[in-house]
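What follows is each chain in one-letter form.
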Amino acid sequence: DTEVTQTPKHLVMGMTNKKSLKCEQHMGHRAMYWYKQKAKKPPELMFVYSYEKLSINESVPSRFSPECPNSSLLNLHLHALQPEDSALYLCASRRQRSINEKLFFGSGTQLSVL
Amino acid sequence: GEDVEQSLFLSVREGDSSVINCTYTDSSSTYLYWYKQEPGAGLQLLTYIFSNMDMKQDQRLTVLLNKKDKHLSLRIADTQTGDSAIYFCAERVDGGSQGNLIFGKGTKLSVKP
């Protein structure tokens, strides 16, 4: 299994809703990432989890709340989002055991906030 | 600070070679990557090169690295319409041992039949 799986693929939510994005990998990777990508822009790093502990938070607003319940799963909880939060949210993972590592991306969740 | 620059657009004819260029600023980069992104999809790792190499070939893809000039290029031989996508150059900066990637803005490759 060499995939990073993200669900749902598409999500439409109102500004008062609470929703969660899910990411799963079974490659034994111990670093997992959330990126945000606005249309026609490169991905921007949001959070990094290393061995299930949050190691980087790139000054992301608290309406985004990450969670890493185990080494295979990464969630992003969303609450009281704004329309400008509409974007493609990408999850990625890497092994973090040797220097020769690659970042594997999921296909993303396209989020629209109305 | 770190910065990765790419030209925004490239248009080629089917069967021609495409060359996508990238410059980066952080000389401590360890790995440099090329990702492909099709519309509405995630990023697909195409190839990567370690900073102590100057060339890597993988089927139709050739990566050239000029470390002195901090210049990276991706050559796609015999470009096909299925190669139409946005190509992101990314450098890995190992500050804090996190191996985070810094992405360029992406080059949109259009392949005309």
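The notes below deal with the structure included here. As a convention, each chain's residues are numbered from 1 in the sequence order in which they are written. The naming scheme follows written order: chains are lettered A onward, ligands numbered 1 onward. Residue-level local features of this predicted model are given only where pLDDT is at least 70; pairs of side-chain atoms are given and counted only at 80 or more, and the full residue set underlies all totals for whole chains, interfaces and linings. Side-chain numbers come from the whole structure's heavy atoms, not from hydrogens or water.

## Here we look at the overall build of chain A
Moving on, step 1. Scanning chain A from N- to C-terminus turns up zero helices and eleven strands.
Moving on, step 2. In chain A, the succession of α and β elements from N to C terminus is β-β-β-β-β-β-β-β-β-β-β.
Moving on, step 3. Projected onto the principal axes, the alpha-carbon positions of chain A cover approximately 40 × 25 × 20 Å.
Moving on, step 4. Buried, partly exposed and exposed residues are distinguished by accessible area as a fraction of the type maximum, computed with a 1.4 Å probe on protein chains only: under 20%, between the cut-offs, and over 50%, respectively. The buried share of chain A, taken over its 114 residues, is 46%.
Moving on, step 5. Contacts spanning at least 24 positions in sequence make up 55% of the contacts within chain A whose residues lie at least 6 apart.
Moving on, step 6. Residues scored as charged are limited to Lys and Arg (positive) and Asp and Glu (negative), so that His and the chain ends carry no count. Each charge is placed at NZ for Lys, CZ for Arg, CG for Asp and CD for Glu. Taking the 15 positively charged and 10 negatively charged side chains of chain A as two groups, their mean positions are separated by 2 Å. Each helix is a run of H or I in the DSSP string that is no shorter than four residues. Each strand is a run of E no shorter than two, and both are numbered from the N terminus. Only heavy atoms matter for contacts: two residues are in contact if any of them lie within 4.5 Å across the pair.

## A word on the packing of aromatic side chains
Moving on, step 1. To pair, rings of Phe, Tyr and Trp, with the six-membered ring standing in for Trp, must have centres within 6.5 Å; the planes then decide the type, stacked if under 30 degrees apart, edge-to-face if over 60, and tilted in the middle. One pass over the structure, following the stated rule, counts 13 aromatic pairs over all chains.
Moving on, step 2. An angle of 20° between the planes, with centres 6.2 Å apart, marks the rings of A:Y33 and A:Y35 as stacked.
Moving on, step 3. An angle of 70° between the planes, with centres 6.1 Å apart, marks the rings of A:F105 and B:F103 as edge-to-face. With A:F105 in strand β10 (residues 104-105) and B:F103 in strand β10 (residues 100-103), this pair bridges two chains.
Moving on, step 4. Taken together, the aromatic side chains of A:Y33, A:Y35, A:F105, B:Y31, B:Y33, B:Y35, B:Y48, B:F50, B:F88 and B:F103 make up a single cluster linked through ring pairs.

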